[in-house]
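Chains, contacts and geometry: an overview
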Amino acid sequence: METLSTTLPVRFVERLQAIVPPARLAETLASFDRPKIPVLRVNTLRSSVMETFTELQSQGFPLDPLPKSEYAASLPPEWKRPLTETAAFAEGRIYLQNPSSMLAVEVLAPRPGEEVLDLCAAPGGKTSLLAMKMGNRGRIAAVEPVKDRFYRLKANLTRLGVTVARGYRMDGRAVGHKVPERFDRVLVDAPCSSESRFRSEDPQSHAHWHERKIAECSRKQKRLLLSAFQALKPGGRLLYCTCAFAPEENEMVVDALLLRHPEAEIVPFQLPGVAQQPGLTRWQGKTLAASLKEALRILPDRIYDGFFLCLVTKGRGVGAKAGPARKDAAAWPRS
Ligand SMILES: C[S@@+](CC[C@H](N)C(=O)[O-])C[C@H]1O[C@@H](n2cnc3c(N)ncnc32)[C@H](O)[C@@H]1O
């Protein structure tokens, strides 16, 4: 095992060594030791990218447009002056967001006029980017069960000028059977062990990490993904993502869906310009679906959080076992 300066749990590091390709291990481990470079995106529901970049630059923020992004920019690594104190932030013209999160929405690629389900929505970073990509046209059902997070989600959506989303305070696991086959696009940004957010200098960030916790997350994630898949229209697109490295929270969750629903198919996609590895097809002696190599793991660096992304579709006419919609489905948005 490599010598580490970090305070990360030894077992966590051992697992990483089994997950990340050897050539990327040092960079991955270093990513826990260094603060992330701050990244903002312009919210085009409130202003143009050029206008807001120019305004912030005139206020002394040395923005560096993010390669391959039409709306994001980074600041120098050690930049201290907070963007949260600017008028652009208060007026919802910018949102601070890690670019891996932005890529999740880009991969799901919602279109104006579609019906979209965001199953784990708070604080709303991805909901608001979904709305931005949709030009505030269509419908987004944004689900979040945790009370204070639900109100934070609502406040963020208001600040960011999102008019296309409606919040539902409920458990995502109960959504699928209420509104089977309703949505064109579904995002499951699942609650997870948040392993890519661990920081070596902040022992609190990983104080509760344990393999038991991973198993707990995995059980919940499998039920959330089943619910999400049930809510997906045949031919629709579902993106499952987490900021965990644990295969139990990623490939194994999708594998459980594929086993249960033969009509679920992984859709290949490409993300040029980010360090990445294909999804794993084997973990701790267990062989997983070969198609999981079409999932993608973003490997962390100074800018990007580690992320797992898997795009799924529901085969048409295969007869998903969705069942009839319940009576209380009427409360859900209709197109
Ligand atoms: C990774 S965070 C989502 C971040 C959000 N998508 C964003 O981009 O701003 C996961 C969220 O899932 C919520 N959550 C936890 N249990 C849930 C459940 N049973 N159903 C739906 N959401 C749940 C958590 O409270 C948390 O807000």
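Basis of the calculations
- Residues numbered from 1 in each chain as written.
- Predicted model: local features only at pLDDT ≥ 70, side-chain atom pairs only at ≥ 80, totals over all residues.
- Heavy atoms only, no water.
- UniProt positions renumbered as here; feature names shortened; annotations may be inferred.
- Near = heavy atom within 4 Å.
- Polar contact = N/O pair within 3.5 Å; in protein donor to acceptor, adjacent residues only side chain to side chain.
- 1 Å grid on protein atoms, 1.4 Å probe; cavity = no way out; pocket = protein on both sides within 12 Å on 5 of 7 lines; lining within 4 Å.
- Sits in = over half its atoms within 2 Å of the grid points.
- Helix = DSSP H or I, 4+ residues; strand = E, 2+ residues; numbered from the N terminus.
- Nonpolar A, V, L, I, M, F, W, Y, C, P; charged D, E, K, R; others polar.
- Buried < 20%, exposed > 50% of the residue type's maximum accessible area, 1.4 Å probe, protein only.
- Arc of directions from axis to C-beta.
- Contact = heavy atoms within 4.5 Å.
- Axes fitted to C-alpha atoms, helices over the stretch in contact; angles between N-to-C directions.
- Parallel < 35°, antiparallel > 145°, perpendicular 65-115°, else oblique.
- Left-handed = near helix turned anticlockwise from the far one by under 90°.
- Core = buried A, V, L, I, M, F, W, Y, C linked by side-chain atoms within 4.5 Å.
- Pairing = 2+ DSSP bridges.

The protein chain goes by tRNA (Cytosine49-C5)-methyltransferase in an unreviewed UniProt entry, where it is assigned to Methylomarinovum tepidoasis. Comment text from UniProt for the protein chain, heading Sequence similarities (unreviewed entry), reads "Belongs to the class I-like SAM-binding methyltransferase superfamily. RsmB/NOP family."

The subject of this paragraph is the site of the ligand. Lining the immediate surroundings of the ligand are 20 residues, of which Glu144, Arg149, Gly172, Asp189 and Lys220 lie closest. Contacts to the ligand include Asp171, whose side-chain N or O atom sits 2.8 Å from a nitrogen atom. Spatially, the ligand is embedded in the largest pocket. For the shell around the ligand, the elements supplying multiple residues, two or more each, are helix 6 (125–133) and helix 8 (211–231). For the shell around the ligand, the residue count by class is 10 nonpolar, 3 polar and 7 charged.

Taken together, the buried positions of helix 1 (residues 10–19) are Phe12, Val13, Arg15, Leu16 and Ile19. Taken end-on, helix 1 shows its buried residues confined to a sector of 160°, consistent with a single buried face. Where helix 1 is buried, its residues meet helix 2 (22–30), helix 8, strand 11 (276–278), strand 12 (282–283) and strand 14 (296–298).

A separate point is the packing of helix 8 against helix 9 (residues 251–260). Two elements in contact, helix 8 and helix 9, have axes whose closest approach is 9 Å; the angle formed by their N-to-C orientations is 45°. Compared by their axis directions, helix 8 and helix 9 come out oblique. As for the relative orientation of helix 8 and helix 9, their crossing is right-handed in sense. Two secondary-structure elements touch here, helix 8 through Ser218, Gln221, Lys222, Leu225, Leu226 and Phe229 and helix 9 through Met252, Val253, Val254, Ala256, Leu257 and Arg260.

Time to look at the nonpolar core. Residues Leu239, Leu271 and Leu309 are the most contacted members of the largest nonpolar core, which totals 58 residues. The element that contributes the greatest number of residues to this core is helix 5 (residues 99–108), accounting for 6 residues. Ignoring sequence-local partners within four residues, the contact set of Leu271 consists of Leu103, Val107, Gln276, Leu296, Ile298 and Leu309. Core analysis: the next-biggest nonpolar cluster, separate from the first, contains 51 residues, Leu117, Ala141, Val179 and Leu225 among them.

To continue, consider the packing of helix 1 against helix 2. One can describe the packing of helix 1 onto helix 2 by two numbers: an axis separation of 9 Å at closest approach and a directional angle of 145°. As helix 1 packs across helix 2, the resulting crossing turns out to be right-handed. For the pair helix 1 and helix 2, contact is made by Val13, Leu16 and Gln17 and by Leu25, Thr28 and Leu29, respectively. Across the contact of helix 1 with helix 2, the residue classes tally to 4 nonpolar, 2 polar and no charged.

Moving on to the sheet that holds strand 4 (residues 94–96). Adjacent strands of a sheet form backbone hydrogen bonds with each other and so pair up, either parallel or antiparallel. A sheet is described by the order of its strands in space; here 4 strands give the open sequence 2-3-1-4, paired in antiparallel fashion. Pairing within the sheet leaves two strands with one partner each, and these edge strands are strand 2 (64–65) and strand 4. Sheet topology places strand 1 (residues 39–42) next to strand 3 (residues 72–74); 3 bridges connect them, and they run antiparallel. Paired with Val39 across the bridge in strand 3 is Ser74. Contacts from helix 6 reach strand 1 and strand 4 within the one sheet, and its direction differs from that of strand 1 by about 35°.

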